[in-house]
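Okay, here's what each chain looks like letter by letter:
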Amino acid sequence: MKIALVGLGRTGKIVAKYLLEQNALSMVLCGPNSVNANKDIGEILNIRDTGIRVETSDHLEQKLLQNRPDVLIDFSYPGFLMDYIHVFEAIGINIITAVTTYEAVELEKIKNTARMGNIGIVVAPNITYGVNVLMHLAEIAAELMDGYDIEIYEEHHKQKKDSPSGTAKKLAEKLQQNLITHEEIPIHAVRAGESLSKHKVLLCGEFDRIEISHQSYSKNAFAKGAYQAAKFIAEKTGFYEMDDVFKQEKEKRRNTLVMRLADENRRTLSLA
Ligand SMILES: NC(=O)c1ccc[n+]([C@@H]2O[C@H](COP(=O)([O-])OP(=O)(O)OC[C@H]3O[C@@H](n4cnc5c(N)ncnc54)[C@H](OP(=O)(O)O)[C@@H]3O)[C@@H](O)[C@H]2O)c1
């Protein structure tokens, strides 16, 4: 699979390195005035030269037609897809966008493009595997512990622009769907120092409390999730979220488990 990446900020650089290690990176894009333009991605990452030059988004269509990536991974900013989503749609290149600062109207444009059915798009404000597991666990708890006070706490580095995080908002939305009352779930957001992503769901009752939390200690968690999403979307069209990626992953694991158990049963029977 050939992957194009846009966004070489704090997260994008880590994603680029991870994709190079998977032999999956074929193209890197940047804004027209970026200091990274025309540099070898290896030079930017302080590794060997790779032969992949960072290209500006000028004449994007021509560049994409030449390189023909299967998927774009976007760790840039909302304006990139707002300006160029039609180009990816016209050529038939699927998209994963991890950008978390879209306005509602921008998200609607992305969804509508996906619904046209020419390409597949994953919108992933919560791209880490572990955070999605946290969501599943918290949903179960919210469903079982009705009447408990539920609050969300999240912590990120002080440069993070959005507050609360896209993940915290998604968590609140999902938990609310599991509650009988439709009270809003409070989110407490901290932006301090260099802390990596931390999310915690608190469920406090009269006599006890549950805390479910996730913390990433490497940005590679984002890179790994983005690569999983790329493999998921490669052959699909339509609109998806990380939930869909993880449902497919769960299904695969369940099938492997069923096959293993069937195999063990067969062996036990043949020995009997
Ligand atoms: N979904 C998740 O789980 C997850 C995880 C981590 C981050 N994110 C999101 O990913 C985004 C980037 O995060 P970050 O921490 O890496 O931010 P960042 O350090 O500020 O990086 C932003 C990147 O966007 C690029 N950019 C700006 N204008 C551009 C343009 N016109 N065309 C193309 N690229 C342009 C910048 O390029 P230059 O440096 O060349 O200007 C920079 O590389 C944010 O929305 C963040 O919330 C999501």
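### A word on the site of the ligand
1) Next: In the vicinity of the ligand, 26 residues are found, and the nearest of them are Leu8, Gly9, Ser34, Thr100 and Ala124.
2) Next: Between an oxygen atom of the ligand and a side-chain N or O atom of lysine 160, the distance comes to 3.5 Å.
3) Next: Top element by residues in the shell around the ligand is helix 1 (residues 10–21). It accounts for three residues.
4) Next: For the shell around the ligand, the class distribution of residues is 12 nonpolar, 10 polar and four charged.
5) Next: Both domains that furnish three or more residues to the shell around the ligand are identified here as domain 1 (3–127 + 221–250) and domain 2 (129–215).

### Some words on the pairing of strand 9 (residues 198–204)
1) Next: Two strands pair when backbone bridges link them, and strand 7 (residues 149–156) and strand 9 are joined in this way by seven bridges, in the antiparallel orientation. Residue pairing in the sheet places isoleucine 152 in a bridge with valine 201 of strand 9.
2) Next: Taken together, the seven bridges between strand 9 and strand 10 (residues 209–215) define a ladder with antiparallel strand orientation. Bridge assignment links histidine 199 to a residue of strand 10, and that residue is histidine 214.
3) Next: Taken together, strand 9 and the strand that follows it, strand 10, pair antiparallel across an intervening segment of four residues.

### Section: the environment of threonine 128
1) Next: In this fold, threonine 128 is placed in the loop between strand 6 (120–123) and helix 6 (129–144).
2) Next: Overall, the relative accessible area of 6% leaves threonine 128 in the buried class.
3) Next: In the structure, threonine 128 is positioned 100 residues away from glutamine 228 in sequence and 9.6 Å away in space, judged by C-alpha atoms.
4) Next: Residues contacting threonine 128, with those up to four places away along its chain left out, are His214, Ala221, Phe222 and Phe246.

### Comments concerning the pattern of salt bridges
Pairs can form between side chains of opposite charge whenever their charged atoms are close.
1) Next: Taken as a whole and assessed by the stated rule, the structure comprises 13 salt bridges.
2) Next: With a shortest N-O distance of 3.8 Å, lysine 170 and glutamate 173 are connected by a salt bridge. With a gap of three residues between them, lysine 170 and glutamate 173 both fall in helix 7 (residues 166–177), about one helical turn apart.

### A short note on the side chain of histidine 214
1) Next: With respect to the helices, strands and loops of the structure, histidine 214 is situated in strand 10.
2) Next: A relative accessible area of 14% places histidine 214 in the buried class.
3) Next: Contact partners of histidine 214, with chain neighbours within four places excluded, come to Thr128, Gly130, Val131, Leu134, Ser197, Lys198 and His199.

### Some words on the nonpolar core
1) Next: With 37 residues, the main nonpolar core has Ile41, Ile73, Phe75, Ile96, Val122 and Ile127 as its most contacted residues.
2) Next: Top element by residues in this core is helix 8 (residues 220–233). It accounts for eight residues.
3) Next: Among all residues touching valine 122, those that are not within four sequence positions of it are Ile95, Ile96, Thr97, Phe232, Ile233, Tyr240, Glu241, Met242 and Val245.
4) Next: Counting 24 residues, the second-largest nonpolar core is a separate cluster that includes Leu64, Ile93, Ile110 and Ile119.

### Description of a nonpolar patch on the surface
1) Next: Side chains of Val133, Leu137, Ile140 and Leu144 sit close together on the surface and give an oily, nonpolar patch of about 380 Å² of accessible area.
2) Next: With respect to the helices and strands, leucine 137 occurs in helix 6.

### Considering helix 4 (residues 78–91)
1) Next: Helix length check: helix 4, at 14 residues, gives a terminal C-alpha distance of 20 Å against a target of 20 Å (1.5 Å per residue), a fit within 8%.
2) Next: The largest bend in helix 4 amounts to roughly 55° and is located at tyrosine 84.
3) Next: With 11 of its 14 residues buried, helix 4 lies for the most part within the structure.
4) Next: Along helix 4, the residues classified as buried are Pro78, Gly79, Phe80, Leu81, Met82, Tyr84, Ile85, Val87, Phe88, Glu89 and Ile91.
5) Next: Of the residues trailing helix 4, glycine 92 is marked for its positive phi of about 90°.

The rules behind the values
Residues numbered from 1 in each chain as written. Predicted model: local features only at pLDDT ≥ 70, side-chain atom pairs only at ≥ 80, totals over all residues. Heavy atoms only, no water. Near = heavy atom within 4 Å. Polar contact = N/O pair within 3.5 Å; in protein donor to acceptor, adjacent residues only side chain to side chain. Helix = DSSP H or I, 4+ residues; strand = E, 2+ residues; numbered from the N terminus. Nonpolar A, V, L, I, M, F, W, Y, C, P; charged D, E, K, R; others polar. Domains from an automatic or database assignment. Pairing = 2+ DSSP bridges. Buried < 20%, exposed > 50% of the residue type's maximum accessible area, 1.4 Å probe, protein only. Contact = heavy atoms within 4.5 Å. Salt bridge = Lys/Arg side-chain N within 4 Å of Asp/Glu carboxyl O. Core = buried A, V, L, I, M, F, W, Y, C linked by side-chain atoms within 4.5 Å. Patch = residues over 30% accessible without salt bridge, like charges linked within 9 Å, V, L, I, M, F, W, Y side chains within 5 Å. Areas by Shrake-Rupley, 256 points an atom, 1.4 Å probe, with all protein chains shown as cover. Expected span 1.5 Å × (residues − 1). Bend = angle between axes of the 7 residues up to and from the residue.

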